[in-house]
Amino acid sequence: MKKNITFGVLLMALGFVACKKKENDPAPVVLEAKIVSNLPADPTVNSGTGQPQTATGKYTFYNLKDNAIVANTDSTSNKWDIGFRGTTIIINGGTVRSGQGGAYIYTGLFEDLKEIPATQEFATDVTNTQLAIPTGSGNGWYNYNPQQNWISPIAGKILVIKTGDGKYAKLEILSYYKDSPATPSATALARYYTFRYIYQPDGTKKF
Amino acid sequence: MQLFRIIMNNKSFYLLSYFIFISFSVFAQKDSVQLEEIVVTATRSERMLAALNMPVLLITQKQIQQIGALRLGQVLQEQTGLAIVNDHGQGIQMQGLAPEYTLILIDGEPLIGRTAGTLELSRLAVGNIKQIEIIKGATSSLYGSEALGGVINIITENPKQQKISFSSRYGTNQTSDFGLNASVQNKKWGGSIFMNRYGSLGYDFTPESFGKTVEPFSNYTFQSKIQYEFSPKIKLGISGRYFFENQESNFDVGNSQNPAFVTGKSSIKDFNFNPSVTWRISDKWKSYIRLYQSVYETKSKLNYISDNKEFDKTFFKQHFLRPELQTEYFISEKHILTLGIGNTWETVEATRYEGKKPFQTQYAYTQYEFLPTKKWNITFGSRFDNHTVYGSQLSPKASLQYDINKYIALRGSAGRGFKAPDFRQLYLNFTNNVAGYSVFGSEELPSLLQNLQAQNQIAEILLAPTEIGKLKAETSTSYNIGAKIKPSAKWTLNINLFRNELKNMIESQIVAIRTTGQSIFSYRNLNNIFTQGLETDMSFQLNQYIQIAGGYQFLEAKDREVLDKIEKGEIFKRDAHTFATTRVTKNEYGGLFGRSKHMFNFKILYENTQKGITANLRAVYRGKYGLGDRNGNLILDETNEYVVDYWTLHGTVSKDFWKKRLKGQVGVDNLLNYRDIQNILSLAGRLYWASIQWQIQKNTTK
């Protein structure tokens, strides 16, 4: 119940770019869900000269502990945990990464995942195309609707993440569009993530 | 007239055999005489409608003329339990099954040329139709592939006494229709010809954007029949049909900042040819030989307007050839046996296929009608199809009718239906370079995937071709149980409960991912669905002039896998505003997309034969139905995923002049001007029209 209330309060804070951190609590009994809104994931830019829209091709790296973007120059460090570029999500772990991370997709409600099973294996980014979070509509975290040309995060798909430095977090993607429009629209700007997550700083698998 | 009397006191089924053979000439009689209605589709031979033990809907020429319909879709949309659905064309949904599961026949032979499973209903003119027979429920026991949901058989006019008639019609959107029907019959031979031109300027729901909602089109239909009687025992028939349509195409393939207009034309050609011989070997034996052939061809070419360079050019050509032999044996008045064998050769060539792809099916069917007493009518049938690609299929069916008394008859049937994997599912080789995905037919997949792997273009195989295996036919088991009630001469009431269980539905699925991250799709036997419901029809003759009729269908259509997942709590939905995620409940699941739970139709028909006036008002209700997923869980569960329910109202008035040689008719379709420009592009607004029919030589009647 407490968690729900916390979440409700947090939801009201939605629309602000990031939430405040609470670092002064030495023994957090209740982990706080954080919401990240409108995180750009290499959005396309229209040059206005009639040329096709362009993107940089670079990932936006994120550190879950700090709840902050990590500079792209730190791509080969273990400072970042998760990276976004378009619909592709990478994890800082595996043969093509430098961190200790990994990930799997849990099917269920965000609140219901209280503990990662001890036997649970974490997939890693093996190559640049074989990723811990599979790409493609219906394979990983989203479904693509060709009629409406719309990407929807699949409800009940929770990314369980082992961070670059070996801690655990659970993350739920809420929207792929800027300001999280409730219904698909042709004018919405894609490649802006809104997600919520809980990071467990003590290294345990409990949330 | 002697013949007529035989039919009316048709106590002996032995006489049925006589009757069958000469029924055509009976139909040429004056139509004021009340004849028993004859249907051929249910048993592949002429039988009386009242004696059939499965749900059959008969639409007569008179009904078609009364509503002023021009194309098949307009007739079907007003029938109980039938819904027009739009997916790569206008198709028919029967008992909640998609258009690909209804077989459409002309004079008993299949129409070919489907796009993504849909057979475009507007290809069929109705100006020379004697009647339309609709069998609901699986009928693969007689017709083989595609007859899962049912069969629609369009029976065209046979040559009658000398007659020529013209018709012309004009209406909203500069829609015009011109028809000619001519027929001659001598003692030995008869011939008929039908010509039709139908065209429209189309309409546009979004004038601000380039290209119309429905682009201008025109089409032509030519149909002819020749019959020759060598002797009273041997009769030759040749029928041919040619259809041609041209339509403009205009698209904007760019985006709002950089429009890129393309323009061009697309065409459809459709040709059928069917010589047949009917041989009445003896009183008890009757055989038919038919050699049916059909070609369906489409072409389209689109060029950029700016520099006239080619944007896209496609073609599709399908060929169908089928010899068939059918024999009926009237063992006695209680037993009738039908046997048939045939072979089908089909080929397809198209832009999206590698080379010419052939199919072959051998088949045999048998049917046994057992009439132990006057109250019972039992039919067993079975058909075996052997196909070169997917293997073989056995489709049995049993149906029976029991007349409790002269007011109530009960009937029930159970049968298996199937649909063979089509050319697209087996042989497609299509890559969309713009969106960057590929679709490979299951037979093409192994080699194409191997090639791509050899070129290091495959990042990951999600589903190996060995896992998919050979595509199997989609199969169904269908049950119908109902009653025909006729409390008095004024009332008729039909009730039917149905259930269809479909297995091995072929779905497209991602099988591999390219190194570029783009998906490769193929086809696989995957889902199991069911549809069930109730349909009921009634009609009431209020007085000499006015008839009231109505129908209702209740329908449930669901995917078994989805239901299982919901039960296990594996399907979720997220509130778009609060982001709260919940498990989808069974109540929230709206079933398959495109199905209305409730459909109504209601008609008032007025006919004054003395004054030559007819008038009618018809209302059709389509309950809300799912359009497509919007919240990412792929199932129908949100209010905004539905198309709202709606009514359409139609009416016509007609008057005969000059001893029935001239008939004028005016009408309005979609009187309430209901439109849903977001979701239902095929529903034009209110359409007014007026027509004239002129018979140069009236039917000479004895």
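This is a predicted model, so every value here is computed, not measured.

Conventions used here
- Going along each chain's sequence as written, the residues are numbered from 1 onward.
- Labels are handed out in written order, letters beginning with A for the chains and numbers beginning with 1 for the ligands.
- Totals for whole chains, interfaces and linings use all residues, but because this is a predicted model, local features are given only for residues with pLDDT of at least 70 and pairs of side-chain atoms are given and counted only at 80 or more.
- The basis for every side-chain value is the complete set of heavy atoms in the structure, and neither hydrogens nor water enter the calculation.
- Elements are defined by DSSP. Helices are runs of H or I of four residues or more, strands are runs of E of two residues or more, and each kind is numbered from the N terminus.
- Values of the radius of gyration come from C-alpha atoms, whereas the globule rule sets the reference at 2.2 Å times the count of residues to the power 0.38.
- Relative accessibility decides the category of a residue: with a 1.4 Å probe and only protein chains considered, values under 20% of the type maximum give buried, values over 50% give exposed, and everything between is partly exposed.
- Contacts are assigned to residue pairs with any non-hydrogen atoms lying within 4.5 Å of each other.
- Computed by Shrake-Rupley with a 1.4 Å probe, the accessible areas treat only the displayed protein chains as cover when residues are assessed.
- Charge counting follows a simple rule: Lys and Arg are positive, Asp and Glu are negative, and His as well as the terminal groups are ignored.
- To locate a charge, take NZ of a lysine, CZ of an arginine, CG of an aspartate or CD of a glutamate.
- A quick way to say it: buried area is the sum, across both parts, of accessible area lost when two parts are put together, with a 1.4 Å probe.
- The salt bridge definition used is simple: a Lys or Arg side-chain nitrogen within 4 Å of an Asp or Glu carboxyl oxygen.
- Think of a polar contact as two N or O atoms within 3.5 Å of one another; within protein, one of them needs to be a possible hydrogen donor and the other a possible acceptor, and neighboring residues in sequence only count if both atoms come from side chains.
- Asp, Glu, Lys and Arg are counted as charged, while Ala, Val, Leu, Ile, Met, Phe, Trp, Tyr, Cys and Pro are counted as nonpolar; the rest, among them Gly, fall into the polar class.
- We define the nonpolar core as a collection of buried residues of types Ala, Val, Leu, Ile, Met, Phe, Trp, Tyr and Cys that are connected through side-chain atoms lying within 4.5 Å of one another.
- Two strands qualify as a pair provided DSSP detects at least 2 bridges between them.
- A patch is a set of surface residues, each over 30% in relative accessible area and not in a salt bridge, joined within 9 Å for like charges and within 5 Å for the nonpolar side chains Val, Leu, Ile, Met, Phe, Trp and Tyr.
- To obtain an axis, a line is fitted to C-alpha atoms, over the contacting stretch when the element is a helix, and the angle between two such axes runs from 0 to 180 degrees between their N-to-C directions.
- Here a pair means two rings of Phe, Tyr or Trp (six-membered ring of Trp) with centres within 6.5 Å. Their orientation is stacked below 30 degrees between planes, edge-to-face above 60, and tilted elsewhere.
- Only when the NZ atom of a Lys or the CZ atom of an Arg is both within 6 Å of the ring centre and within 35 degrees of the ring normal do we say a charge sits over the ring.

## Considering the overall build of chain B
Looking only at helices and strands, one finds 9 helices and 38 strands in chain B. Taken over the C-alpha trace, chain B has a radius of gyration of 26 Å; the compact-globule value for 702 residues is 27 Å, and the two agree within 12%. The dimensions of chain B, computed from C-alpha atoms along their principal axes, are 80 × 50 × 50 Å. Across the 702 residues in chain B, those meeting the buried criterion constitute 51%. For chain B, the share of sequence-separated contacts (at least 6 apart) that also reach a separation of at least 24 residues comes to 61%. Counting only carbon and sulfur atoms, one obtains 57% of the accessible surface of chain B, whose full area is about 31700 Å². Averaged over its 81 positive side-chain charges, chain B has a centre that lies 9 Å from the centre of its 63 negative ones.

## Details of the overall build of chain A
When helices and strands are counted, chain A shows 1 helix and 11 strands. The linear arrangement of helices and strands in chain A, starting from the amino end, is α-β-β-β-β-β-β-β-β-β-β-β. Nonlocal contacts in chain A, meaning residues at least 24 apart in sequence, comprise 57% of its contacts between residues at least 6 apart. Entry remark: accessible area of chain A is about 10000 Å², with carbon and sulfur atoms responsible for 53%.

## Things to note about the interface of chain A and chain B
Every contact between the two is made by 30 residues of chain A and, on the other side, 25 residues of chain B. On the chain A side of the interface with chain B, the three residues burying the most area are Leu109, Thr129 and Ala155 of chain A, jointly 21% of the side's total. For the pair chain A and chain B, the number of links is 2 salt bridges. For Asp112 of chain A, the salt bridge identified is with Arg583 of chain B, shortest N-O distance 3.4 Å. The interface formed by chain A and chain B contains 7 residue pairs in polar contact (both at pLDDT 80 or more). Breaking the side of chain A that touches chain B down by element, the ones donating at least two residues are β7 (142–145), β8 (150–153) and β10 (168–177) of chain A. With 3 residues, β10 of chain A is the largest single contributor of residues to the side of chain A that touches chain B. Each residue belonging to the side of chain A that touches chain B can be placed in one class, and the counts come to 10 nonpolar, 18 polar and 2 charged.

## Thoughts on the nonpolar core
One finds Ile82, Trp141, Tyr193 and Phe195 of chain A to be the most contacted residues of the largest nonpolar core, which totals 27 residues. Those elements that place two or more of their residues in this core are β1 (34–40), β4 (82–85), β5 (88–91), β8, β9 (157–162), β10 and β11 (190–200) of chain A. Setting aside anything within four residues of it in sequence, one finds Ile82 of chain A in contact with Thr60, Phe61, Tyr62, Leu64, Ile89, Ile90, Ile91, Leu159, Ile161 and Leu171 of chain A. Ile67, Leu82, Ile106 and Leu111 of chain B belong to the second-largest nonpolar core, a separate cluster that totals 24 residues.

## Quick word on the pairing of strand β2 (residues 60–63) of chain A
Residues in a regular strand project their side chains so that they alternate between the two faces of the sheet. Residues and elements named next belong to chain A. Residue alternation in β2 divides its side chains into two sets, Thr60 and Tyr62 and Phe61 and Asn63, and both sets are buried. Sheet topology places β2 next to β4; 3 bridges connect them, and they run antiparallel. Within the sheet, the bridge partner assigned to Tyr62 lies in β4 and is Ile82. Here 3 bridges tie β2 to strand β3 (residues 68–70), and the two strands are oriented antiparallel to one another. Its bridge partner being in β3, Tyr62 is matched across the sheet by Ile69. Linkage of β2 to β3, two consecutive antiparallel strands, is achieved through a turn of 4 residues, within which Asn67 is found at a positive phi near 55°.

## With respect to a nonpolar patch on the surface
Residues and elements named next belong to chain B. Judged by side-chain polarity, Phe600, Phe602, Ile604, Leu617, Trp647, Leu671 and Leu672 come together as a nonpolar surface patch covering roughly 630 Å² of accessible area. The element that contributes the greatest number of residues to the nonpolar patch is strand β32 (residues 598–608), accounting for 3 residues. Considering the arrangement of structural elements, one finds Trp647 in strand β36 (residues 646–657).

## Description of the pairing of strand β24 (residues 437–440) of chain B
Residue and element names in this part refer to chain B. Pairing of strand β23 (residues 429–432) with β24 involves 4 bridges; the strand directions are antiparallel. For Thr431, the partnering residue across the bridge sits in β24 and is Ser438. Note: β24 against strand β28 (residues 519–541), 2 bridges, orientation parallel. Counted as the bridge partner of Val439 is Phe521 from β28.

## Some remarks on the sheet that holds β10 of chain A
All names here are of chain A. The 5 strands are arranged β1-β11-β10-β9-β6 in an open sheet whose pairing can be described as antiparallel. Edge strands, defined here as strands with exactly one partner in the open sheet, are β1 and β6 (102–107). With strand direction ignored, the average angle separating the axes of adjacent strands in the sheet is 30°. For β9 and β10, the ladder comprises 4 bridges, and the chain directions are antiparallel. Paired with Val160 across the strands is Lys170, a residue of β10.

## Observations regarding the environment of Asn429 of chain B
All names here are of chain B. Structurally, the position occupied by Asn429 is in strand β23. Considered as a pair, Asn429 and Glu369 are 60 residues apart in the sequence and their alpha carbons are 46 Å apart. Setting aside residues no more than four positions away along its own chain, Asn429 makes contact with Arg352, Glu354, Val439, Phe440 and Leu448. A polar side-chain atom of Asn429 sits 3.3 Å from a polar atom in the side chain of Glu354.

## Quick word on the environment of Ser682 of chain B
Residues and elements named next belong to chain B. By the element assignment, Ser682 lies in the loop between β37 (662–669) and β38 (687–697). Residue Ser682 is classed as partly exposed on the basis of its relative accessible area, which comes to 37%. For the pair Ser682 and Phe572, spaced 110 residues apart in sequence, the C-alpha to C-alpha distance is 33 Å. Beyond its immediate chain neighbours, meaning those up to four positions away, Ser682 contacts Asn86 and Tyr203. A distance of 2.8 Å separates a polar atom in the side chain of Ser682 from a polar atom in the side chain of Asn86.

## Topic: the pattern of salt bridges
Where charged atoms of side chains with opposite charge meet at close range, the side chains can pair. Residue and element names in this part refer to chain B. Counted under the stated rule, the structure contains 34 salt bridges over all chains. Ionic pairing is found between Arg290 and Glu109, a salt bridge with its closest N-O pair at 3.5 Å. Remark: Glu109 occurs in strand β7 (residues 109–110) and Arg290 occurs in strand β16 (residues 285–304); sequence separation between them is 181 residues. Summarising the burial analysis for this pair, Arg290 and Glu109 share the class buried.

## Some thoughts on the sheet that holds strand β6 (residues 102–106) of chain B
Taken in spatial order, the 5 strands make up an open sheet running β3-β8-β9-β6-β7 (chain B), and their pairing is mixed. Each edge of the open sheet is held by one strand with a lone partner, namely β3 (56–60) and β7 of chain B.

## Some details on the packing of aromatic side chains
Evaluation of the coordinates by the stated rule reveals 40 aromatic pairs over all chains. Seen from their ring centres, Phe210 of chain B and Phe261 of chain B are 4.1 Å apart, and the 25° between their planes marks the pair as stacked. On the criterion of sequence distance, the pair formed by Phe210 of chain B in the loop between β12 (189–200) and β13 (217–231) and Phe261 of chain B in strand β15 (residues 261–279) is long-range, its members being 51 residues apart. Seen from their ring centres, Tyr545 of chain B and Tyr606 of chain B are 5.8 Å apart, and the 35° between their planes marks the pair as tilted. Of the two residues, Tyr545 of chain B is situated in the loop between β28 and β29 (546–559) and Tyr606 of chain B in strand β32; the sequence distance between them amounts to 61 residues. Under the relative-accessibility criterion, Tyr545 of chain B is labelled partly exposed at 27%. Looking at Tyr606 of chain B, the relative accessible area reads 27%, which means it is partly exposed. Ring-pair connections join several aromatic residues into one group, and the members of that group are Tyr62, Phe84, Trp141, Tyr142, Trp150, Tyr176, Tyr177, Tyr193, Phe195 and Tyr197 of chain A. Between the NZ or CZ atom of Lys178 of chain A and the centre of the ring of Tyr192 of chain A, over which it lies, the distance is 5.3 Å.

## Examining unusual backbone geometry
Residue and element names in this part refer to chain B. Despite not being glycine, Trp658 shows a phi value in the positive range, around 50°. On the accessibility criterion, Trp658 (56% relative accessible area) is exposed. Non-glycine residue Lys660 carries a positive phi angle of around 65°. Residue classification places Lys660 among the partly exposed residues on the basis of a relative accessible area of 47%.

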